[in-house]
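# Observations on chain architecture
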Amino acid sequence: MCGIAGMVGLAYNESTIDNMLSTLSRRGPDENGVHIFEEGCLLHSRLTVIDPDGGKQPMRLEWNNDTYTIVYNGELYNTNELRCLLEKIGHKFHGHSDTEVVLHAYAQWSDTCVDKFNGIFSFAIWEKRRKKLFVARDRMGVKPLFYKLHKNGIIFASEIKTILSYPGVNAEIDETGVAQILLLGPG
């Protein structure tokens, strides 16, 4: 299990990043990674399972005149099949992680890449040239992904407490939230 988080269009500092990462420590005790860019940042807390060196995150890819950066939590069951398909198209891999396959798949197929994934996942990818954030999770929601929209941006994370650690975000629930909890029923 790993933890991901990030924000775009919101102010932050080193203390904000440290606080957010500390809330993810139980999800990824082995190492943390941070990617800072002009519009925001991506954060990753890693539990190392596969490819200790080749699976470090945030992971970057230079492809077709753009730079893609990913933070990922999950397991892709069809990693080998997709890797072979992407290699036939011309992609070159440096490691053996499913993170790298997800990143290359997004660079190749954009947001439709998720239609090709068989697995459990949540991830975020920043496209540098287009200044675009893409965030996704598996259809069943096995891998958690929470977010809060702000007037000028978004904050997302694997844990609600990570979002609540951002300055000015309060733990409040509105009528829609109550209705959603009631519809879900007892867990």
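Keep in mind that this is a model prediction, so the values were computed, not measured. (Residues numbered from 1 in each chain as written. Predicted model: local features only at pLDDT ≥ 70, side-chain atom pairs only at ≥ 80, totals over all residues. Heavy atoms only, no water.)

### Some details on the pattern of salt bridges
If the charged atoms of two oppositely charged side chains come close together, the side chains can form a pair. With the rule as written, the count across this model stands at 9 salt bridges. One salt bridge in this structure joins E62 and R60, with 2.8 Å as the shortest N-O distance. With a relative accessible area of 52%, R60 lands in the exposed category. Of the charged contacts, one joins R130 and E127 as a salt bridge, the two residues approaching to 3.2 Å between their closest N and O atoms. A relative accessible area of 45% means that R130 is categorised as partly exposed. Overall, E127 belongs to the buried group, its relative accessible area being 3%. (Salt bridge = Lys/Arg side-chain N within 4 Å of Asp/Glu carboxyl O. Buried < 20%, exposed > 50% of the residue type's maximum accessible area, 1.4 Å probe, protein only.)

### Structural notes on the sheet that holds strand β9 (residues 153-157)
Read from one edge of the open sheet, 5 strands run β2-β3-β1-β9-β8, paired in antiparallel fashion. Because the sheet does not close on itself, it has two edges, and the strands there are β2 (31-37) and β8 (146-150). Across this sheet, the average inter-strand angle for adjacent strands is 10 degrees, counted without regard to direction. Sheet analysis places β8 next to β9, joined by 5 bridges and oriented antiparallel. For Y147, the partnering residue across the bridge sits in β9 and is F156. Set on the sheet, helix α1 (residues 14-23) makes contact with β1 (3-8), β2, β3 (40-46) and β9; between it and β3 the angle comes to about 35 degrees. (Pairing = 2+ DSSP bridges. Helix = DSSP H or I, 4+ residues; strand = E, 2+ residues; numbered from the N terminus. Axes fitted to C-alpha atoms, helices over the stretch in contact; angles between N-to-C directions. Contact = heavy atoms within 4.5 Å.)

### Topic: the environment of T67
With respect to the element layout, T67 can be found in strand β5 (residues 66-76). Taking the C-alpha atoms as reference points, T67 and S22, 45 residues apart in sequence, are found 28 Å from one another. When neighbours within four sequence positions are excluded, T67 is seen to be in contact with R60, L61, E62, W126, E127 and K128. A polar side-chain atom of T67 sits 2.9 Å from a polar atom in the side chain of E62. (Polar contact = N/O pair within 3.5 Å; in protein donor to acceptor, adjacent residues only side chain to side chain.)

### Brief notes about the sheet that holds strand β4 (residues 59-63)
Strand order across the open sheet formed by 4 strands is β4-β5-β6-β7, with antiparallel pairing between neighbours. Here the strands that pair on one side only, and so sit at the sheet edges, are β4 and β7 (132-137). The average undirected angle you get between the axes of adjacent strands in this sheet is 20 degrees. Two strands pair when backbone bridges link them, and β4 and β5 are joined in this way by 5 bridges, in the antiparallel orientation. Directly across from M59, in β5, lies its bridge partner I70. Against the sheet, helix α3 (residues 98-109) contacts β4, β5, β6 (119-127) and β7, and its axis sits at roughly 130 degrees relative to β5.

Without other data, these values stay purely geometric and don't point to any function.
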